[in-house]
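Structure at a glance
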Amino acid sequence: MSYLSDIYNGIKTLLTGMSVTGKYFLNSRKGAITQQYPDNRDTLKMFERFRGEVVMPHDENNEHSCTGCQKCELACPNGSIEIIWDRVIDENTGKKKKIIDQHIYHFGMCTQCGLCVDACPSDAIKWAQNFENSVYDRTQLTRVLNQPGSKVRAGVEE
Amino acid sequence: MSTATINNNFKSEEYFINMGPQHPATHGVLRLLLTIDGEIIKKVEPDLGYIHRSIEKMCEKDSYQQIVHLTDRMDYLSSHINNEAVCLCVENALQLEIPERVKVIRTILDELTRISSHCLWWGVMGMDVGALTTYFYGFRDREMINDIFEETCGARLTMNYNIPGGLMQDIHPNFVKRVKEFIAHFKTKIPEYNRLLTGNVIFQKRTIGVGLLTKEDAISYGASGPVGRASGYSCDVRKHHPYSALDRVDFKEALATEGDSFARYRVRIQEMWESISIIEQLIDNIPEGDFKVPTNAVIKLPKGEYYQKVETARGELGVYIISTGTKNPYRVKFRSPGLSNLSLLNHIAVGGKIGDLVATMATIDIVVPDIDR
Amino acid sequence: MNTLININNLFLSIIPAEITGLPKMAMIALIYLGIFAVLGLYLVLLERKVAAWFQLRLGPNRVGYHGLLQTMADALKLVSKELTGTVKADKFLYNLAPYFVIITSLMALGIFPFTQKLQAYDLNIGLFFLIAISSIGVIGILLGGWSSNNKFSLIGAMRSGVQTISYELSVGLSLLTMVLLTQSLQLSEIVEVQKNGWLIVQGHIPAIIAFMVFMIAGTAETNRAPFDMVEAESELGAGFHTEYSGMKFAYFFLAEFINMFIIAAIATTVFFGGWLSPFGVTESIPWLGVFWFLAKTFILVFLMMWFRWTFPRLRVDQLLTLEWKYLLPINLVNIVIMAVIVWLNLSIQF
């Protein structure tokens, strides 16, 4: 008799499974979870904490707040940040002052761990939400974050 | 069983096949050297090293903050728990007092990670035994967890949210709301998982009595996590050595005694329920406070040896750090659950069919970068 | 519509008379070939769409309106692909194997009565011919797996042999059960008998059991999930056609879908009255019968797709257990029940 009950139970469980998929089939119109990615670019918004790439925000006077302290360079586990710096004499105080010449960011080596942004004492660098990073040549992934002619915002050092 | 003697003209030979490194069932670049006789498996020999990145060696040149992000890349499905293991180890060495808020948030994220990992495992388990639709249902639910992670931690897979001393940022204002939404959603989905796959007669035939592992063998092979617990070996680190906020929550250790593939399957489904219950106990009373305690920019551990173990979705992850007092560790060793669980494979798959091997491997739930590191 | 009627007229003018001229035969063959190549492609599209809807996806929706031309584009791609293979393959058998599979499945299509008149060849042993021809296809799979000199392919091919030989029995016996009721193997006559009600109604309990057995065995015979031992993606990679590429792979692929159509078409003809519609609509307007027939067939095809996207795969020994311990004894008992019903005239007639 267990032979027949095996068959009965087998068919019953199979039909139960089919009812689950069948329910989704009937609701397939509104239930689809596919994101049609390049088409939904306009509506696709990443969360504000999403770690896409490191950027250095500049204000309208072309000023940033990077003092060249190199803490980000030290914090980076894989050497993606490279700071070329210089010493100039401050016109107001007459003291020697460290300024950045180039804040180089090797995006190709970056693992988006967030340690540099966490380490920055003056919030000079932050995360941007751009995630479309493919390029034809990997040299394009090496970026200079400070814009040409930019200088450090007054009062950041204190 | 030997058919070799039946007729000398038709000698049955053992047959050697390479399963992987490019094979759909090995979940990555694992290579299995199979010796088979017809469909019956005579020997399984895992060949590792295809994704070895020498993470342990890289740790020796990194500072303690930098080690954390490497552990994301080991068992990428429980990356948050891996991060926490390193952070706990460093914090214990420094004897830091961690705020209650951090502990609770860490535990919630741990359990979310566990559910997410088990969701993926459930989908892939179904796919390995041939039911392709489970994959999409599992991923649909995992997507909600990934969104929670993305909103709070900034990444979907390699979160790197823990730092020695606390968390990188405070939780996002939406976090609690979203977690509650997910819990409400997911509670209706596990019964559906059961209806679709667990109860299915074909699935049960494929898994019950397949890949039998006794408790003694589980202990002697060092099995941990759901693989060990399915054999009746009580090895939940969360229960026996509670860390973070696990000492104040009430949960049952998912245990089974059969030790077959179906038992491992049930243990994982049970763990999802337990994780939900842990999150529910904690989500409403996250204490106020700081999200990190200040540490030195350059952390130097006191000279000595430190060990911390946590329960990842796959089993017991141990972090062993030897420090000589400098800013880099002298040696780091990760005791990964995947490697010891994989070492069982030859023991439990021999004598089964090729299909059994695939089903068994799916229930061991290997993540290849966790095995190779 | 005009062309359809033209084709229809062409068939109507040809079929009743004995087929004499070679050109006529060639023409029929070409038309069938064209229609069924397209049918195969759209079955693939249907499968992909249905799979997507089961899995909360959208399915192909880029090429053409809602992806209607997707499989055409795929076929074009497959035709233009390089034909690769292993160096040590048995070249002759390796090249022969896809033709075995595709030709047998196309041959089987020739004898289905799509309407009362639209039938390429009304064989008087039609059902027998179908069973026979569908077992030849497995030779192609065996050859393909064996000759491509790949160990996974060989395992797949051997599984296929085991599977098809076993499930042939159930397909044959379940159809034989129905033959007891129709008393004929000729497909057109089987449809005629059903003017008094579908055979699944006429034969009631044993007919329903026979239908279930036939659908299970038929799914197994087409090597589809949950019986896709032969391909078993997670076990064998791609099974017997691992080493095939381009058009040769497309033959295997297309044959699988046409075989599925054949199994559904046999079930429609034998259990669900073929082209017959209620109130004799298709008898007064014959060309409607094609659509009636296709509608029934596609419902059964959908059922097979539903199986595929819900169930896990059986293991190879469980596959044989299912056949020899469950389906075969049930079938044998079922035949006796059916014989008793026919003998005592217990069938339901309208």
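Residues numbered from 1 in each chain as written. Chains lettered and ligands numbered in written order. Predicted model: local features only at pLDDT ≥ 70, side-chain atom pairs only at ≥ 80, totals over all residues. Heavy atoms only, no water.

**Quick look at the packing of aromatic side chains**
Basically, it comes down to this: Side-chain rings of Phe, Tyr and Trp, where Trp is taken by its six-membered ring, are said to pair if the distance between their centres is within 6.5 Å; with planes under 30 degrees apart they count as stacked, over 60 as edge-to-face, and otherwise as tilted. Secondary structure is summarised from DSSP: a helix means a run of H or I of at least four residues, a strand means a run of E of at least two, and numbering begins at the N terminus for each. For every residue, the accessible area (1.4 Å probe, protein chains only) is compared with the maximum for its type, and the residue is labelled buried under 20%, exposed over 50%, or partly exposed between those bounds.
Scanning the model with the defined rule gives 37 aromatic pairs over all chains in all. Both rings, one in phenylalanine 25 of chain A and one in phenylalanine 302 of chain C, keep their centres 5.0 Å apart while their planes meet at 50°; by these two values the pair is tilted. Of the two residues, phenylalanine 25 of chain A sits in helix α1 (residues 2–26) while phenylalanine 302 of chain C sits in helix α13 (residues 288–308), which places them in two different chains. With a relative accessible area of 21%, phenylalanine 302 of chain C lands in the partly exposed category.

**Focus: the pairing of strand β3 (residues 81–89) of chain A**
Residue and element names in this part refer to chain A. The condition that has to hold: DSSP-based pairing: two strands are paired if at least 2 bridges between them are found.
Two elements, β3 and strand β4 (residues 96–106), share 9 bridges in a ladder whose sense is antiparallel. Bridging from a neighbouring strand, isoleucine 84 pairs with glutamine 102 of β4. Linking two consecutive strands that pair antiparallel, namely β3 and β4, is a turn of 6 residues; a positive phi of about 80° is found at glycine 94 within it.

**Let's talk about the interface of chain A and chain B**
Quick reminder of the rule: The contact rule is simple, with two residues in contact once any of their heavy atoms fall within 4.5 Å. Put simply, buried area is the surface a 1.4 Å probe can reach on two separate parts but cannot reach once they are joined, added for both. Salt bridge, as applied in this entry: a Lys or Arg side-chain nitrogen positioned within 4 Å of an Asp or Glu carboxyl oxygen. Between N or O atoms, a polar contact is any pair within 3.5 Å; within protein, one atom must be a potential hydrogen donor and the other a potential acceptor, and residues adjacent in sequence are included only when both atoms are from side chains. Under this grouping Gly is polar, as are all residues other than the nonpolar Ala, Val, Leu, Ile, Met, Phe, Trp, Tyr, Cys and Pro and the charged Asp, Glu, Lys and Arg.
Each partner contributes residues to the interface: chain A has 26 residues there, and chain B has 37 residues. Both faces considered, chain A and chain B share a buried interface measuring about 2500 Å² in area, 54% of it formed by carbon and sulfur atoms. When residues of chain A are sorted by the area they lose upon contact with chain B, Tyr24, Phe47 and Arg49 of chain A head the list and together hold 29% of the total. Across the pair glutamate 192 of chain B and lysine 23 of chain A runs a salt bridge, and its minimum N-O distance is 3.4 Å. Applying the counting rule to chain A against chain B returns 18 residue pairs in polar contact (both at pLDDT 80 or more). Contributing elements (two or more residues each) for the side of chain A that touches chain B: α1, α3 (71–75) and α4 (115–119) of chain A. Broken down by element, the residue count for the side of chain A that touches chain B peaks at 9 residues, all from α1 of chain A. Its residues assigned to classes, the side of chain A that touches chain B shows 13 nonpolar, 8 polar and 5 charged.

**Some words on the nonpolar core**
Rules: We define a nonpolar core as any set of buried Ala, Val, Leu, Ile, Met, Phe, Trp, Tyr and Cys residues linked to one another through side-chain atoms lying within 4.5 Å.
Core analysis: the largest hydrophobic core is formed by 90 residues, its most contacted members being Phe112, Leu127, Met178, Phe214, Ile266 and Phe271 of chain C. In terms of residues, this core owes the most to one element, helix α11 (residues 246–271) of chain C, which gives 15 residues. Those residues in contact with phenylalanine 214 of chain C that lie beyond four places of it in its chain are Val171, Ser174, Leu175, Ile263, Ile266, Ala267 and Phe271 of chain C. In terms of nonpolar packing, the next biggest core, distinct from the first, is built from 84 residues, Ile55, Val86, Ile98 and Phe182 of chain B among them.

**A short note on the interface of chain C and chain B**
Facing the 25 residues of chain C at the interface are 33 residues of chain B. For the pair chain C and chain B, the summed buried area comes to about 2500 Å², and 61% of that belongs to carbon and sulfur atoms. Contact with chain B buries surface across chain C, with Ser234, Pro312 and Arg315 of chain C losing the most and accounting together for 23% of the total. The interface formed by chain C and chain B contains 2 salt bridges.

**Re the packing of α11 of chain C against α13 of chain C**
Residue and element names in this part refer to chain C. Rules: Fitting a line to C-alpha atoms yields each axis, with helices limited to the stretch in contact; the angle taken between N-to-C directions then spans 0 to 180 degrees. These descriptions rest on fixed angle ranges, namely under 35 degrees for roughly parallel, over 145 for roughly antiparallel, 65 to 115 for roughly perpendicular, and the rest for oblique. In this scheme the handedness of a crossing depends on how the near helix is turned from the far one: anticlockwise by less than a right angle means left-handed, clockwise means right-handed.
For the pair α11 and α13, the least separation of the axes is 8 Å and the interaxial angle reads 120°. In terms of orientation, α11 and α13 fall into the oblique class. Handedness of the α11/α13 crossing: right-handed. Counting all contacts with α11, which are made through Glu256, Met260, Phe261, Ile263, Ala264, Ala265, Ala267, Thr268 and Thr269, the residues of α13 involved are Phe293, Leu294, Lys296, Thr297, Phe298, Leu300, Val301, Met304, Met305 and Arg308.

**Regarding the pattern of salt bridges**
Inspection of the entire model under this criterion finds 45 salt bridges over all chains. With a closest N to O distance of 2.4 Å, glutamate 39 of chain B and arginine 159 of chain C form a salt bridge. In this pair, glutamate 39 of chain B sits in the loop between β2 (31–37) and β3 (40–47) while arginine 159 of chain C sits in helix α6 (residues 151–182), so the two residues belong to two different chains. There is no split in this pair, since glutamate 39 of chain B and arginine 159 of chain C are both buried. The salt bridge partner of glutamate 271 of chain B is arginine 229 of chain B, with a shortest N-O separation of 2.0 Å. Here the residue glutamate 271 of chain B occupies a position in helix α11 (residues 261–283), and arginine 229 of chain B occupies one in helix α9 (residues 225–229), the gap between them amounting to 42 residues. Like glutamate 271 of chain B, the residue arginine 229 of chain B is buried in the burial classification. Salt bridges here are not isolated pairs; linked through shared partners, they connect Glu111, Arg114, Arg229, Asp236, Arg238, Glu271 and Glu311 of chain B.

**Observations concerning the UniProt feature "transmembrane region" (unreviewed entry) in chain C**
Residues and elements named next belong to chain C. Let me state the cut-off plainly: UniProt positions are given in the numbering used here, feature names are shortened, and annotations may be inferred rather than shown by experiment.
In the numbering used here, UniProt assigns the feature "transmembrane region" (unreviewed entry) to residues 25–45, 92–113, 125–146, 167–185, 197–217, 249–273, 285–306 and 326–346. In residues 197–217, helix accounts for 86% and strand for 0%; the two terminal C-alpha atoms are 25 Å from one another. As annotated, residues 249–273 comprises 92% helix and 0% strand, and the C-alpha atoms at either end are separated by 35 Å.

**Things to note about the sheet that holds strand β1 (residues 15–19) of chain B**
If you trace the 3 strands from one edge of the open sheet to the other, you get β1-β2-β3 (chain B), paired in antiparallel fashion. Only two strands of the sheet have a single neighbouring strand rather than two, namely β1 and β3 of chain B. Ignoring which end each strand starts from, the neighbouring axes of this sheet average 20° apart. In terms of strand pairing, β2 of chain B meets β3 of chain B through 7 bridges, oriented antiparallel. When the bridges of β3 of chain B are listed, aspartate 37 of chain B appears paired with isoleucine 40 of chain B. Strands β1, β2 and β3 of chain B of the sheet are contacted by helix α14 (residues 354–364) of chain B, whose axis makes an angle of about 150° with β2 of chain B. The strands touched by α6 of chain C within the sheet are β1 and β2 of chain B, with β1 of chain B carrying the most contacts at an inclination of about 110°.

**Some points on the environment of leucine 197 of chain B**
Structurally, leucine 197 of chain B can be placed in helix α6 (residues 175–198). Leucine 197 of chain B sits in the buried class, given a relative accessible area of 0%. C-alpha of leucine 197 of chain B to C-alpha of threonine 295 of chain B: the two residues are 98 residues apart in sequence and 49 Å apart in space. Setting aside its immediate chain neighbours within four residues, leucine 197 of chain B contacts Trp122, Gly126, Ala131, Thr134, Phe203 and Tyr265 of chain B together with Pro312 of chain C.

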